Amino acid sequence: MLFDHTPTVLTIAGSDNYGGAGIQVDAKVIHTLGGYAFTAITALTAQNSTGVKDSFVTPEQIFKAQLTSILDDIEVDAVKIGMLANAEIITIIAEVIDKYKLKNIVLDTVLVSSSGKALLEPSAIRTMVKELFPRVDIITPNIPEVNALLGTEYTGKNDEIEVMSKGLFELGAKAVLLKGGHSSDNQNATDHLVEKSFKIVPFTTTRLHTTHTHGTGCVLSSAIATHLAKGESLVKSIALSKTFLYKSLHTASTIKFKYIAKNDSRKEPLL
Ligand code: PLP
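Quick look at the structure, then. (Residues numbered from 1 in each chain as written. Predicted model: local features only at pLDDT ≥ 70, side-chain atom pairs only at ≥ 80, totals over all residues. Heavy atoms only, no water.)

### Here's the deal with the overall build of the protein
Broken down by element type, the protein carries 8 helices and 9 strands. On C-alpha atoms alone, the protein measures out to a radius of gyration of 17 Å, which is about the 18 Å that the 2.2 N^0.38 rule sets for 271 residues. Principal axes of the C-alpha set define a box for the protein whose edges measure 50 × 45 × 45 Å. Sorting the 271 residues of the protein into buried and exposed places 53% on the buried side. (Helix = DSSP H or I, 4+ residues; strand = E, 2+ residues; numbered from the N terminus. Rg over C-alpha atoms; globule rule 2.2 N^0.38 Å. Buried < 20%, exposed > 50% of the residue type's maximum accessible area, 1.4 Å probe, protein only.)

### Here we look at the site of the ligand
Around the ligand there are 13 residues in total, and Gln47, Ser114, His214, Gly215 and Cys218 lie nearest to it. Gln47 places a side-chain nitrogen or oxygen 2.9 Å from a nitrogen atom of the ligand. Protein chains shield 90% of the accessible area of the ligand, which is 390 Å² for the free molecule. Across the shell around the ligand, the residue classes tally to 5 nonpolar, 8 polar and no charged. (Near = heavy atom within 4 Å. Polar contact = N/O pair within 3.5 Å; in protein donor to acceptor, adjacent residues only side chain to side chain. Areas by Shrake-Rupley, 256 points an atom, 1.4 Å probe, with all protein chains shown as cover. Nonpolar A, V, L, I, M, F, W, Y, C, P; charged D, E, K, R; others polar.)

### Comments concerning unusual backbone geometry
Phi angles above zero are rare outside glycine, and Asn104 is one such case at about 50°. Positive phi outside glycine occurs at Phe198, with the angle close to 65°. Relative to the helices and strands, Phe198 resides in the loop between strand E8 (188–195) and strand E9 (200–206).

### What to know about the packing of aromatic side chains
Overall, the coordinates contain 2 aromatic pairs when judged by the stated rule. When the ring of Tyr36 is compared with that of Phe38, the centres are 4.9 Å apart and the planes differ by 50°; the resulting orientation is tilted. Judged by relative accessible area, Tyr36 falls into the partly exposed class, the value being 46%. Look at Phe169 and Phe198: their rings are 5.4 Å apart centre to centre, the planes differ by 70°, and that puts the pair in the edge-to-face class. Of this pair, Phe169 sits in helix H6 (residues 161–170) while Phe198 sits in the loop between E8 and E9, and the two are 29 residues apart along the sequence. Sitting over the ring of Tyr259, Arg266 keeps its end group 4.7 Å from the ring centre. (Phe/Tyr/Trp six-rings, centres within 6.5 Å; stacked < 30°, edge-to-face > 60°. Lys NZ or Arg CZ within 6 Å of the ring centre and 35° of its normal.)

### Some points on the pairing of strand E2 (residues 36–48)
Sheet topology places strand E1 (residues 8–16) next to E2; 8 bridges connect them, and they run parallel. Bridged to Asp16 within E2 is Thr45. Of the pairings in the sheet, the one linking E2 to strand E3 (residues 51–57) comprises 6 bridges and is antiparallel in character. Looking across to E3, one finds that Asn48 is bridged to Gly51. From the end of E2 to the start of E3, which pair antiparallel, there are 2 residues. (Pairing = 2+ DSSP bridges.)

Next comes the structure, spelled out in structure tokens:
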């Protein structure tokens, strides 16, 4: 596809000083895929390969100013939303989506880091559902997030795909990408796109057994947003992003750590 401008993506997410997730990896992905990244940081986190140590939510005024300074000036082609931190941040994003008529919005429903730290206050989950699900084009939950949202205990079997997506549509989602990384399938990693018509499209790659799992959800969602910004369809954007994620898992950065971690407790970055 030819463009008269560089495809632009606004990533609204948390800062990960460890570099493998959040704003930092989103910007790497967007740039690698040929887009230009604008950012609005919802929270600062302090983390490393062993998990999130601390976080500080961006004060409302400066959070809002990050968004309006970009959106008053620039046409944004797509938006990726990640760590939301709290209800105030969510409300500002919902207002901005309406005011600037933002399009091609991908919401990665990040709730808790793999190290167990809440990235969204549990009491704000309802606000995310109410304010953002109907306003975004697609949500990209993994199975634990689906269960947290629906109060269920699905394990990600193929015959649960329809009922999981039905539950998420009832919460207001327009389309869902159900990520199968946590399923019990040891051979393959299959994600399923389900649209309101209940058309189900599976995306499968071989499952890789790796410690480079930090930020996988961020990489996938920002890649999808970048391909949408380039004018690709939702199905093609997901297919291209899944391939990009798979290739990135093969060529991940190798960081020199100061000690050997026990078992597989260390999460290494992808990019
Ligand atoms: N930190 C930030 C700022 C994030 O946005 C995310 C995920 O979206 C994470 C950490 C999660 O990292 P992990 O993949 O290790 O669970």
